[in-house]
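# Residue-level structure breakdown
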Amino acid sequence: MSITPYIVGNWKMNGTRAMLTEARAIDRAAKRFPGVQVGIAPPFTLIHQLREEVTEIGVGAQDCHVEGSGAFTGDISGPMILDAGADFTIVGHSERRAMHGETDELVRAKAEAAQAAGLGVILCVGETEAERDSGRAEEIVTAQLEGSLPRTERAPYKLSVAYEPVWAIGTGRVPLVSDVGAMHRAIRAKLLEVYGADGAESRILYGGSVNAKNAAELLAADEVGGALVGGASLSAESFAAIMGAAGAGSE
Ligand code: 13P
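The model shown is predicted, which means the values in this text are computed figures rather than measured ones.

Here the phi dihedral of Lys 12 falls at roughly 50°; this positive angle occurs in a residue that is not glycine. Mapped onto the elements, Lys 12 comes out in the loop between strand E1 (6-10) and helix H1 (20-31). On the basis of relative accessibility, which here comes to 21%, the residue Lys 12 falls in the partly exposed class.

Below, the structure written as structure tokens:
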């Protein structure tokens, strides 16, 4: 199966309007790699303006509330994200699971709410270092997926899964390429189990310390359909190098 690689930058809580210059440079770089689908998930505050400034790339949110509107101070809903000009949202990032107590059940509800609003979804899963050391990483990650996957009729469409080992995020450490391949195969098997043949359509992204140097190797691992990039997506130069690695691999 030939798939278009999907390279997404998660800016986390980084970026003021000054970063729109970088976003424009990322957009220009994306034009050089037409075989690669590129997206950026800036903070909520930049979604609208970023959308107005870019033409080649997708724009996403980093989280989405389960309800469409109401008395939820500080939260942002799927319809609002769509209205601001975004096409997708990340849900279930490990930083939200750890720092905001998000459970699999809540992540599933968020994914379903985002899809109901018409947004694409990037659903994140990943094990902690202790879980990796216990030898049970695949079991733990597939259980997380089982609990977090959206289950509505439209669920498999515009759905990507991001495998992000918690211990690899922002640390400069990455798993062995063979371990990435094994985990991605396990994730694919779970998607096929849950969605039947439609489970073959979702791209499975790798995330965690992806950079210009290691991207080609990670993107070549089994069932890796792209990357979710944190730190290295904040500069057009390093992010473009990752697009380039994806573009070369997809030819
Ligand atoms: P880093 O690329 O900075 O390790 O972050 C990965 C990540 O959490 C993307 O969602």
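Moving on, there is more to tell.
The next thing to look at is the pairing of strand E8 (residues 226-229). Burial along E8 is two-sided: the residues Gly 226 and Leu 228 and Ala 227 and Val 229 are all buried. Pairing between E1 and E8: 4 bridges, direction parallel. Within E8, the residue paired with Val 8 across the bridge is Leu 228. As judged from the 3 bridges shared by strand E7 (residues 203-207) and E8, these two strands associate in the parallel manner. Along E8, the bridge assignment pairs Tyr 206 with Ala 227.

Turning our eyes to something else, we now look at helix H2 (residues 44-53). By the burial criterion, the buried members of H2 are Leu 46, Ile 47 and Leu 50. Axial view of H2: buried residues confined to an arc of 125°, hence all on one face. Seen from the open side of H2, the exposed residues pointing more than 90 degrees away from its buried face are Thr 45 and Glu 52. Next to the buried residues of H2 lie H1 and strand E3 (58-61).

One can describe the packing of helix H5 (residues 104-116) onto helix H7 (residues 137-148) by two numbers: an axis separation of 7 Å at closest approach and a directional angle of 50°. With respect to each other, H5 and H7 are oriented oblique. Packed against H5, whose contacting residues are Asp 104, Glu 105, Val 107 and Arg 108, the element H7 presents Ala 143, Gln 144, Gly 147 and Ser 148 at the interface. Across the contact of H5 with H7, the residue classes tally to 2 nonpolar, 3 polar and 3 charged.

Right, let's talk about H5 for a bit. The end-to-end C-alpha distance of H5 is 18 Å, a good match for the 18 Å that 13 residues give at a rise of 1.5 Å each. Those residues of H5 that sit buried are Val 107, Lys 110, Ala 111, Ala 113, Ala 114 and Gln 115. Each element contacted by the buried residues of H5 is listed here: strand E4 (88-91), helix H4 (94-99), strand E5 (120-125), H7 and strand E6 (159-163).

The subject of this paragraph is the packing of aromatic side chains. Counted according to the given criterion, the structure contains 2 aromatic pairs. Relative to Phe 88, the ring of Tyr 6 has its centre 6.4 Å away and its plane inclined at 70°; by these criteria the two rings are edge-to-face. Taken as a pair, Tyr 6 in strand E1 and Phe 88 in strand E4 lie far apart in primary sequence, 82 residues in all. Classification of Tyr 6 by relative accessible area gives buried; the value is 7%. In this structure Phe 88 comes out as buried when scored by relative accessible area, which is 4%.

Here the focus is the packing of H1 against H2. Direction vectors running N to C along H1 and H2 enclose 40°, while the axes themselves pass 10 Å from each other. Comparing their axes, H2 and H1 come out oblique. Handedness of the crossing formed by H1 with H2: right-handed. Facing Leu 20, Ala 23, Arg 24 and Asp 27 of H1, the residues of H2 in contact are Gln 49, Leu 50 and Glu 53. Taken together, the residues of the contact of H1 with H2 sort by class into 3 nonpolar, 1 polar and 3 charged.

In the region of the ligand, 13 residues are neighbours, and Lys 12, His 93, Gly 170, Ser 209 and Gly 231 sit closest. One of the side-chain nitrogen or oxygen atoms of His 93 is found 2.8 Å away from an oxygen atom of the ligand. Ser 209 has a polar backbone atom sitting 2.8 Å from an oxygen atom of the ligand. The protein chains hide 94% of the 310 Å² of surface that the ligand would expose on its own. Tallied by class, residues from the shell around the ligand come to 4 nonpolar, 7 polar and 2 charged.

Definitions and limits used
Residues numbered from 1 in each chain as written. Predicted model: local features only at pLDDT ≥ 70, side-chain atom pairs only at ≥ 80, totals over all residues. Heavy atoms only, no water. Helix = DSSP H or I, 4+ residues; strand = E, 2+ residues; numbered from the N terminus. Buried < 20%, exposed > 50% of the residue type's maximum accessible area, 1.4 Å probe, protein only. Pairing = 2+ DSSP bridges. Arc of directions from axis to C-beta. Contact = heavy atoms within 4.5 Å. Axes fitted to C-alpha atoms, helices over the stretch in contact; angles between N-to-C directions. Parallel < 35°, antiparallel > 145°, perpendicular 65-115°, else oblique. Nonpolar A, V, L, I, M, F, W, Y, C, P; charged D, E, K, R; others polar. Expected span 1.5 Å × (residues − 1). Phe/Tyr/Trp six-rings, centres within 6.5 Å; stacked < 30°, edge-to-face > 60°. Left-handed = near helix turned anticlockwise from the far one by under 90°. Near = heavy atom within 4 Å. Polar contact = N/O pair within 3.5 Å; in protein donor to acceptor, adjacent residues only side chain to side chain. Areas by Shrake-Rupley, 256 points an atom, 1.4 Å probe, with all protein chains shown as cover.

None of this, on its own, says anything about what the molecule does.
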